[in-house]
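Structural description and commentary
The lines below spell out each chain.
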Amino acid sequence: KDRKFRLSTYKNCFVASEAVDFLVAARYARSRAEAVQLGKRLQRHLGLFAHVCDDHEFADDYLFFRFTGIYAFGNRALTNAIRDIEEIGNSSVPSGDGGSSSI
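Please read these numbers as outputs of a predicted model, since none were measured by experiment.

Looking now at the packing of aromatic side chains. Throughout the structure, instances matching the rule amount to nine aromatic pairs. For the ring pair Phe 14 and Phe 49, a centre distance of 5.4 Å and an interplane angle of 90 degrees mean the geometry is edge-to-face. Of this pair, Phe 14 sits in strand 3 (residues 14-15) while Phe 49 is found in strand 4 (residues 49-51), placing the two residues 35 residues apart along the sequence. Residue Phe 14 shares its accessibility class with Phe 49, and that shared class is buried. Plain terms: the ring middles of Phe 49 and Phe 65 are 5.6 Å apart, the flat faces sit at 75 degrees to each other, and that makes the pair edge-to-face. A residue pair is termed long-range when its members are at least 10 positions apart, and Phe 49 in strand 4 and Phe 65 in strand 5 (residues 64-67) qualify at 16 residues. For the pair Phe 49 and Phe 65, a shared accessibility class is recorded, and that class is buried. Ring pairs connect the aromatic residues Phe 14, Phe 49, Phe 58, Phe 65 and Phe 67, which therefore count as one cluster.

Pasting the structure below:
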């Protein structure tokens, strides 16, 4: 969705606090703080999205972010990215009991 802020228009972006709402409502996170940590991992490790001016890390705030790369296409970008990061966590982070741990 296009957003306006201080006389500038930012195309095809989302508000970070609304993404936090979604992550909690869809039960990808148990709390807003956990949703922020997940968002930071998605931003840092998968490069799923970037701040529209590359000025901010993901936070529970009125900040605009835009999906990047392969995730910029289609309306299931966030769900697909979360699945990807869960697969990365399950395959690469051993737990103390010999199994895998998700991120």
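There is more to say after this.
Attention shifts here to the confidence of the model for the protein. When pLDDT is averaged across the protein, the result is 74; 58% of the residues are at 70 or more. Confidence, read as mean pLDDT per element, is least for helix 3 (residues 77-92) in the protein (60) and greatest for helix 1 (residues 16-25) (92). This model gives residues 92-103 a pLDDT under 50, and the stretch forms 14 contacts once residues within four places in sequence are excluded.

Residue placement: Ala 16 occurs in helix 1. Taking the C-alpha atoms as reference points, Ala 16 and Ala 59, separated by 43 residues in sequence, lie 6.3 Å from one another. Filtering out sequence-adjacent residues up to four positions away, Ala 16 remains in contact with Phe 58, Ala 59, Asp 61, Leu 63 and Phe 65.

Overall, antiparallel pairing links the three strands, which are arranged 3-5-4 in an open sheet. Each of the sheet's edge strands pairs with one partner strand only, and the pair in question is strand 3 and strand 4. By the bridge criterion, three bridges tie strand 4 to strand 5 in an arrangement that is antiparallel. Paired with Phe 49 across the two strands is Phe 67, which belongs to strand 5. Where helix 2 (residues 32-45) meets the sheet, it contacts strand 4 and strand 5, and its direction lies at approximately 100 degrees from that of strand 4.

Counting residues in hydrophobic clusters, the biggest one holds 15 residues, and the most contacted among them are Phe 14, Phe 49, Phe 58 and Phe 65. If you list the elements that add at least two residues to this core, you get helix 1 and helix 2. Those residues in contact with Phe 58 that sit more than four places away from it in its chain are Phe 14, Ala 16, Ala 19, Val 20, Ala 35, Val 36, Gly 39, Lys 40, Gln 43, Phe 49 and Phe 65.

In total, this model carries five salt bridges according to the counting rule given. Residue Arg 32 pairs with Asp 60 through a salt bridge whose shortest N-O separation is 2.8 Å. Of the two residues, Arg 32 sits in helix 2 while Asp 60 sits in the loop between strand 4 and strand 5, which places them 28 residues apart along the sequence. On the accessibility criterion, Arg 32 (35% relative accessible area) is partly exposed. Classification of Asp 60 as partly exposed rests on a relative accessible area of 34%. Note that Glu 57 and Lys 40 form a salt bridge whose closest N and O atoms lie 3.6 Å from each other. Of this pair, Glu 57 sits in the loop between strand 4 and strand 5 while Lys 40 sits in helix 2, and the two are 17 residues apart along the sequence. Overall, Lys 40 belongs to the buried group, its relative accessible area being 17%.

Rules behind the numbers
Residues numbered from 1 in each chain as written. Predicted model: local features only at pLDDT ≥ 70, side-chain atom pairs only at ≥ 80, totals over all residues. Heavy atoms only, no water. Phe/Tyr/Trp six-rings, centres within 6.5 Å; stacked < 30°, edge-to-face > 60°. Helix = DSSP H or I, 4+ residues; strand = E, 2+ residues; numbered from the N terminus. Buried < 20%, exposed > 50% of the residue type's maximum accessible area, 1.4 Å probe, protein only. pLDDT = per-residue confidence, 0-100. Contact = heavy atoms within 4.5 Å. Pairing = 2+ DSSP bridges. Axes fitted to C-alpha atoms, helices over the stretch in contact; angles between N-to-C directions. Core = buried A, V, L, I, M, F, W, Y, C linked by side-chain atoms within 4.5 Å. Salt bridge = Lys/Arg side-chain N within 4 Å of Asp/Glu carboxyl O.

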